[in-house]
Structure formats: structure tokens, C-alpha cells
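Breakdown of the fold
Here are the chains, one letter per residue:
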Amino acid sequence: MAHKLDRPAKDIAIEDTTGSIIVSRQTELLLGHRYVFTLVRKPDTAPKRTFAVGGITDPQKHYYVPPDVTQLVDKLKHGKYCVLCGARQSGKSTMAMAVKRELSLDPDICVVYLDKVSVDKCWSRNRFWAALCDHLHGKCADLFPARPTGEECTDWSFRSLFLVKNLPIKVTLIIDEADALLSASSDCLDDFFSTLKGIRDDDDYNFNGVLLVGVETVKDLLEAQYLRRREDAAELNRVYVPSSTPSLYLPFSYSFLSEPVRFLVGDVENLLQQAQADLQGVQIEIERIATSVIEMTGGHKGIVGSCLDYLVDRELWTSRQWIEATDSFHLSTYVFGQQTYSKILSAFKKGATGRDFDLLLSFLKEDKRHCNDQMVMLELRNLIAQGVLIAQEAKPDGYDVRISSPMLRSIILRRCVITSGSVDPPAQALRVDPLWVVFQAIRTLDGEALCRPECIKRAGELSKIKAVLTQAYPLVDAKLVPKVKIAAEYLDKRDTQERLDILVRNNDNFSKFGCELVVNDDVEGYVSKAERYAKQHSAQVFVINVTTEDSPILVVPEHGCVVFLSVQLFPSGNKTRAKVTMVETSDVRTDFELEMKNWDGKISFDYLV
């Protein structure tokens with residue numbers, strides 16, 4: 001009803017028409033009984049604040065964890081030129097507003113916050129400077145008078161606004177979405193940076209530093225004045241500033257670059273504690289849920305806010321309720337159905353349909369990739385800016401790059417389309433046979449490559465199960481959920497990192513089943529995990545161990561819903577055959593001979609958004 005009425009569940013009361021009694025949340029409704037749904041706001045559960053879903057987090061309106069802006073505030077107080085950059089919805093603007101609030105406590109400094117400064121490459125210098133002066137007047141008319149109509153505007157028009165004789169107080173300028181300035185012509189950018197450099201440390205001006213805020217591509221703005229070609233960097237003797245991607249920084253003596261940090265478990269616990277204090281009579285399993293949220297989101301601040309908003313809206317107070325919701329499609333659909341996160345999917349789709357297809361596909365196949373090529377990192381900058389990828393500095397050099405959050409990776413894998421002509425027709429088109437599906441997926445593994453020692457560790461190709469299901473059962477609405485985590489009830493609250501590789505489910509045509517791929521690595525440990533997975537998901541779990549050894553490890557599972565499959569590969573000319581030994585409880589063993597096929601599958605991201 002909440003979905004039908006497009007209202008939060010907490011806004012709806014259910015009344016028993018026989019006695020006009022409001023039915024409690026956990027009451028089982030009686031078949032054939034008449035109930036009335038009423039739109040209300042229950043005063044005892046109405047939160048005083050909400051979780052921020054996109055945009056700037058306001059501590060008066062939203063649950064809030066103060067960002068650490070100590071260094072930024074200190075640098076700006078001393079008139080330094082600073083940059084704050086990060087990916088989409090990473091908390092940049094929230095951090096910038098925190099800087100503004102802290103600086104505003106100083107009676108000797110006035111902070112002017114400019115946002116949405118739109119420019120265009122075809123603009124003349126006159127129009128560029130006029131736009132900046134108009135923005136200053138619009139934000140603070142008391143300090144910056146309107147420019148005379150029709151008068152030509154130059155860099156001096158901008159400078160003169162900050163002269164001590166015209167400005168009675170020091171002004172710190174914050175320019176949000178500064179990467180929008182990249183739309184200006186190079187001549188305008190030259191003037192802009194030259195002007196900022198000229199009034200810095202000049203006692204004739206009451207200009208007390210500037211903070212440029214933007215996505216990762218704001219670094220291109222910093223390079224724009226000097227780097228007509230990036231290969232000129234060495235000749236220009238610029239210094240690289242360590243950050244999530246390499247960048248040549250402008251030669252300001254007191255420059256400082258900062259990036260928002262991601263949420264940790266403690267931050268999410270803090271947010272949930274604030275919400276629990278507002279929700280009278282509600283007890284949230286804070287520690288377990290907070291761990292799960294970080295696990296799913298990677299600490300991405302915007303996505304964390306959306307997940308917690310969903311949690312409160314659906315009243316998912318226990319970790320079991322939360323885990324069940326995260327295993328469904330509803331949470332990811334809710335988060336990435338919002339415009340700002342839909343843009344992240346659009347950015348991935350754009351890159352995957354262009355020259356970045358192979359690169360992005362490699363990030364989906366691997367948890368992370370190490371890159372120490374600065375030119376490659378510069379090419380990835382836009383994908384990092386859009387929130388598709390995240391890069392972290394690695395030791396001793398280079399960067400570790402991955403999909404920005406497990407939830408994003410999961411929804412991309414769910415929505416991609418994989419097709420193949422290598423799949424045999426099933427015995428029954430409307431009744432899924434899990435063992436047949438698993439054997440088809442095994443046959444389509446790249447046997448020749450897997451027989452090479454350097455490739456055996458890269459056997460994570462069970463996503464081909466999706467192609468098998470699509471091709472063999474086109475009329476069955478099978479849901480494939482990659483990397484499904486185990487509920488916190490089965491683990492210590494601080495250790496919920498165990499994930500099932502793939503879970504396949506459908507409400508009508510077959511029972512749930514899952515797969516766990518192993519490559520001769522702690523096989524018995526994986527079987528033990530599979531038994532926990534089977535209990536958690538009420539599903540049959542296949543543990544598939546791929547090996548080229550003469551005497552493969554065979555493990556007898558103790559749980560009746562766990563099946564162990566040893567896949568022993570034998571290279572044979574241009575083809576590879578496999579001996580599959582299936583081990584069930586009570587040590588029941590069955591051998592199969594399979595001939596590997598050449599995989600002809602194709603993957604498409606046309607339906608991401």
C-alpha cells in the first residue's frame with residue numbers, strides 16, 4: 001500500500017473496521033477480514049530529522065557526522081589557496097559548508113559561497129568577468145555593489161571589488177562545482193588564475209584565500225593554465241601532489257589539496273544512534289546493521305545516506321530484516337533509481353559502450369586492479385569524478401582502482417545482459433534444473449586458459465551462469481544476485497565479509513541455489529562457509545573447486561543442501577576436457593566426463609538505465 005500510495009510506510013495506519021482499532025505493525029492480517037488503510041503520521045515514530053539523500057547534509061535537518069575540516073579551515077584562515085575534490089556525492093559540498101560555518105565564527109572574516117557558476121567556451125573575457133562579478137553581488141550585495149549597466153567588465157573590475165578601500169573586511173571565497181569553469185575558454189582561465197595569483201599576499205586587497213570545490217576533473221582546471229599538453233609537465237618543472245589520481249598542481253606557494261574521506265563503521269553507528277534517539281520506542285540493531293551497510297557501500301557517503309533512509313522508511317530495525325532487504329532488488333533499485341546515482345550508471349554505460357569497454361569489464365571481473373601508469377590514471381579521471389571508480393594510493397607506488405562500491409558493482413552485474421550460442425537446450429524449458437545449469441556453466445569456462453598456471457587463479461567466470469539462464473530459460477524470470485553476503489546472525493558482528501559468489505532464485509519455478517568457486521585454496525574452509533550460506537539463504541549451494549592437480553581434494557559436506565564438485569581439467573590438443581566428481585553427504589560420489597566448449601558469450605550494458 002505504501003508503494004501504491006507513494007508514501008512512506010510509517011505514514012499509513014491500518015484500522016480494523018469492526019472496532020476502529022489501529023492494528024500494530026507485526027499483526028497477522030486475517031483472511032477475508034476487512035481493513036481500512038488511513039494516511040496518518042504517527043507522532044510517536046515521526047523522526048525529528050531525516051537521513052540526507054543527495055545534496056548537502058544540513059545538521060539542523062539531517063542526521064550528521066561532522067567532517068574533519070580542521071586543516072582546511074586553518075589554511076584558509078591564513079589566506080591559502082585550497083582545493084577540495086572528490087567523486088559525485090562523496091560529501092564535498094557538505095564539507096565545504098562545514099568549512100564555511102567554522103570560518104564564519106571568526107568575526108574578522110566574511111565567507112562568500114558561490115555555487116552553480118555557469119560559463120561557456122564561447123564567452124568573451126568581458127562576459128566571463130561580468131558573470132563572476134554578478135555572482136558576487138547576488139551572494140553578498142552589502143559588500144559587492146552591482147556593476148554599472150553596459151560597462152565593460154575586466155579582470156580589474158574583479159580585483160577592485162577586493163581592494164581594502166572598497167571592502168571593509170577580509171573575504172574568503174568558496175567556489176563550489178568549480179569544475180564547471182572547465183567550460184570556459186583557455187584565455188578566460190588564464191586571466192582567472194593570473195588574477196587570483198596577483199591579489200594573493202598583496203596588502204592592498206582584503207582577499208583572504210579561496211577554496212575550489214569540485215569533482216576529480218577539477219584537477220584538469222588546475223592544469224589548464226600551463227599544460228597545453230600533459231607531456232610538457234617535466235619541462236615546466238611542476239610538482240605532482242599525491243591524491244587519488246596524479247595531478248600537476250598550480251605553483252601557489254601555499255596550496256593545499258583535500259579530499260572527503262569515506263564513512264567508517266563507527267560513523268554509521270553514530271548516525272543510527274541519532275535516528276534511534278528520535279524514534280521513540282524503537283530499538284535498532286545498530287552494530288550489526290552498520291557493519292553490513294559499510295560492507296555494501298564501501299563507505300560512500302551519499303549511498304550510505306540513501307540506504308539508511310530506506311532502512312527507516314521500511315522500518316528495518318533488526319539485522320535479519322535488513323539482510324533480507326539487501327538481498328532483494330528493492331534496495332539497489334531505490335538507491336540507483338534516484339537521479340544523482342542513476343547518473344553514475346549512465347557514466348558507466350557511456351564508458352562501456354565506447355573505448356573503455358574492456359577496461360570497465362576488467363574492473364567487474366576483479367575486486368581491484370593496481371595501476372602505476374600516470375597517463376592511464378589521467379584517462380580514468382572522468383570515471384573517478386562520476387563516481388564509477390575509486391582510486392586509492394598504494395605502497396610503494398601506484399594506485400589500487402576498483403568499482404566505487406560493492407552495491408554499484410552488484411547492480412551492474414544484475415542489469416547487464418549476457419548471451420551465448422554455446423548453451424545446450426534444457427530438458428524442460430519452464431523448470432530450472434540447478435545441477436544442469438551449473439554443469440553448463442562449467443563447460444563454458446575457458447578450459448585452455450585455465451590450464452595455464454598463470455591463469456588458474458583467475459577462474460572467477462561463474463557469471464556465465466547468467467548467460468546459461470538467459471539462453472536456456474528465456475521464459476523463466478530467474479534472478480541472479482552476485483556476491484550475496486551472509487547474515488550477521490551467523491558471524492561475529494564485526495566480521496560479515498563472507499559472501500556467496502552467486503545466488504539464483506525465482507519464486508515459482510525452482511528453489512534457490514547458489515555457487516561458490518574455489519581454486520585449490522582452503523577447500524574445506526569454503527565447504528564450511530557453504531553450509532552457513534545454505535542455512536542463511538535456505539538454498540542449495542554448489543562448491544566448485546577447479547584444479548589441474550592429479551589428485552584433487554575431495555570434501556564430504558555435512559549439510560544436506562551442500563554439494564561439492566571437483567572439476568579436474570585435462571588439456572587435450574586444442575580442446576580441454578574435465579572430470580567432475582560430485583560429492584554429496586554420506587560420501588555419495590558420482591563422476592562425470594565433460595568436454596569444454598569455446599565460450600562465444602557477449603555482454604551488453606545497454607539496459608543499465
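Just so we're clear, the structure is a prediction, and the values are computed from it rather than from any experiment.

Sites flagged by UniProt as "coiled-coil region" (unreviewed entry) map to residues 265-292. What you have in residues 265-292 is 75% helix and 0% strand, and the ends, taken at the C-alpha atoms, are 9 Å apart.

Per the stated rule, a full pass over the model turns up eight salt bridges. Measuring nitrogen to oxygen at the nearest pair gives 2.8 Å for the salt bridge that ties D134 to R147. With D134 in helix α4 (residues 125-139) and R147 in the loop between α4 and α5 (155-160), this pair connects stretches of sequence that are 13 residues apart. Among the residues examined, R147 registers a relative accessible area of 33% and is labelled partly exposed. The residue D587 makes a salt bridge to R589 at a minimum N-O spacing of 2.7 Å.

The next point concerns the pairing of strand β10 (residues 389-393). Where β10 lies against strand β11 (residues 399-403), five bridges are found, and the strand directions are antiparallel. The residue bridging I390 from the neighbouring strand is R402, located in β11. Linking two consecutive strands that pair antiparallel, namely β10 and β11, is a turn of five residues; a positive phi of about 80° is found at G398 within it.

This paragraph deals with the pairing of strand β7 (residues 207-214). Of all the eight residues making up β7, eight are buried; the element is thus mostly covered by neighbouring parts of the structure. Pairing geometry for strand β4 (residues 81-85) and β7, over five bridges, is parallel. Each residue of the ladder has a partner; that of C82, found in β7, is L211. Note on the crossover from strand β6 (residues 170-175) through helix α6 (residues 186-199) to β7: the handedness is right-handed.

By the definition in use, this model includes 16 aromatic pairs. Between F128 and W129, the ring centres sit 5.4 Å apart and the planes meet at 80°, which makes this aromatic pair edge-to-face. For the pair formed by F128 and W129, the shared burial category is buried. In this structure an aromatic cluster arises from ring pairing among Y81, F128, W129, F144, F158, F162, F192, F193 and F207. Positioned over the ring face of F363 is R369, at 5.6 Å from the centre of the ring. A cation sits over an aromatic face here: R577 above F570, 4.5 Å from the ring centre.

Analysis parameters
Residues numbered from 1 in each chain as written. Predicted model: local features only at pLDDT ≥ 70, side-chain atom pairs only at ≥ 80, totals over all residues. Heavy atoms only, no water. UniProt positions renumbered as here; feature names shortened; annotations may be inferred. Helix = DSSP H or I, 4+ residues; strand = E, 2+ residues; numbered from the N terminus. Salt bridge = Lys/Arg side-chain N within 4 Å of Asp/Glu carboxyl O. Buried < 20%, exposed > 50% of the residue type's maximum accessible area, 1.4 Å probe, protein only. Pairing = 2+ DSSP bridges. Right-handed = clockwise from strand over helix to strand, strands pointing away. Phe/Tyr/Trp six-rings, centres within 6.5 Å; stacked < 30°, edge-to-face > 60°. Lys NZ or Arg CZ within 6 Å of the ring centre and 35° of its normal.

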